[in-house]
Amino acid sequence: MAQTWYTSDLHLGHPFVAGLRGFNDVEEHDRVILHNLSQALSPGDTLWVLGDISSGWAPQEQRALRLLKELFTPLRHTGDAAEPVRFHLISGNHDSSHPLHEHSSESQADFLDVFDSVQSFQYAIWEGQDYWMCHFPRPGYDHEGMVSRHDPLRLDVPHLVHGHLHSVEPVTGPGQVDVGVDAWDLSPVRREDVMNLVFR
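Attention here is on the structure that accompanies the text. This one's a predicted model, so the numbers in the text were calculated from it and none came from an experiment.

## Overview of the side chain of His14
By the secondary structure assignment, His14 is in the loop between strand E1 (4–7) and helix H1 (15–20). Every residue in contact with His14, bar those within four places of it in the chain, is listed here: Val26, Ser54, Ser55 and Gln60.

## Topic: the sheet that holds strand E5 (residues 121–126)
Spatially, the 5 strands line up as an open sheet ordered E5-E6-E7-E9-E8, and their pairing is mixed. Sheet topology places E5 and strand E8 (171–173) at the edges, where each strand pairs with a single neighbour. Adjacent strand axes in the sheet meet at a mean angle of 30° when their direction is disregarded. Two elements, strand E7 (residues 160–162) and strand E9 (residues 176–178), share 3 bridges in a ladder whose sense is parallel. The partner of Leu160 across the bridge, within E9, is Gln176.

## As for the nonpolar core
Counting 28 residues, the largest nonpolar core has Leu10, Leu47, Ile53, Leu68, Phe72 and Phe115 as the members making the most contacts within it. When contributions to this core are tallied by element, the ones reaching two or more residues are helix H2 (26–40), strand E2 (46–49), helix H3 (58–76) and strand E3 (86–90). Counting residues per element, this core draws most heavily on H3, which supplies 6 residues. Every residue in contact with Leu68, bar those within four places of it in the chain, is listed here: Leu10, Leu12, Leu34, Leu37, Ile53, Val114 and Phe115. Residues Ala124, Tyr131, Val179 and Trp184 belong to the second largest nonpolar core, which totals 19 residues.

## Here we look at the layout of surface pockets
Approximately 300 Å³ is the volume attributed to the largest pocket. Considered class by class, the residues forming the lining of the largest pocket number 5 nonpolar, 8 polar and 5 charged.

## Remarks on the pairing of E1
Of the two faces of E1, the one holding Thr4 and Tyr6 and the one holding Trp5 and Thr7 are both buried throughout. Of the pairings in the sheet, the one linking E1 to E2 comprises 4 bridges and is parallel in character. Directly across from Thr4, in E2, lies its bridge partner Thr46. Pairing analysis gives 2 bridges linking E1 to strand E10 (residues 189–190), with the strands arranged antiparallel. The partner of Trp5 across the bridge, within E10, is Arg190.

What counts, and at which threshold
Residues numbered from 1 in each chain as written. Predicted model: local features only at pLDDT ≥ 70, side-chain atom pairs only at ≥ 80, totals over all residues. Heavy atoms only, no water. Helix = DSSP H or I, 4+ residues; strand = E, 2+ residues; numbered from the N terminus. Contact = heavy atoms within 4.5 Å. Pairing = 2+ DSSP bridges. Axes fitted to C-alpha atoms, helices over the stretch in contact; angles between N-to-C directions. Core = buried A, V, L, I, M, F, W, Y, C linked by side-chain atoms within 4.5 Å. Buried < 20%, exposed > 50% of the residue type's maximum accessible area, 1.4 Å probe, protein only. 1 Å grid on protein atoms, 1.4 Å probe; cavity = no way out; pocket = protein on both sides within 12 Å on 5 of 7 lines; lining within 4 Å. Points joined across faces, edges and corners; volume = space filled by probe spheres on them. Nonpolar A, V, L, I, M, F, W, Y, C, P; charged D, E, K, R; others polar.

See below:
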């Protein structure tokens with residue numbers, strides 16, 4: 001049975017984040033992240049990446065896009081009757097495709113060469129209940145000890161799936177769940193598992 005998966009804050013090629021996650025080697029960090037993605041996905045699945053594929057520095061971003069394309073391409077082109085995997089990006093503040101960046105429109109083609117869609121947020125329904133996906137949590141939430149940034153770009157909604165915080169605990173507020181890899185053993189998480197927390 002096809003699954004929908006969520007993940008966020010891959011930060012491929014980002015030495016600072018790799019170090020925070022206990023890796024001395026960025027290459028090893030990236031291998032683990034990409035391996036965990038490939039192990040989760042099966043034909044017919046859908047993957048939503050809720051932002052921050054890299055640090056946003058152009059060489060790291062281009063490398064991250066290349067690595068993701070290498071991973072996604074064989075899953076998208078199965079060569080048989082199996083349904084392809086679909087890949088969607090909700091841009092984060094470290095993605096040059098996010099409209100908070102002045103020249104984001106110029107990055108769209110590069111990201112759409114890897115992802116089936118690229119957007120800032122997305123509305124969805126789970127068993128008759130509304131929820132939203134966005135890179136950012138609600139206004140007022142940010143990394144511990146930091147002032148909340150980009151609040152005008154955030155959704156103030158009752159049920160929200162997000163990234164950005166690098167939280168080790170998935171539940172970050174009432175009806176609010178972080179799907180970043182830091183909360184999920186550096187792996188993507190099934191929508192059903194997320195929804196059980198969002199609507200608990």
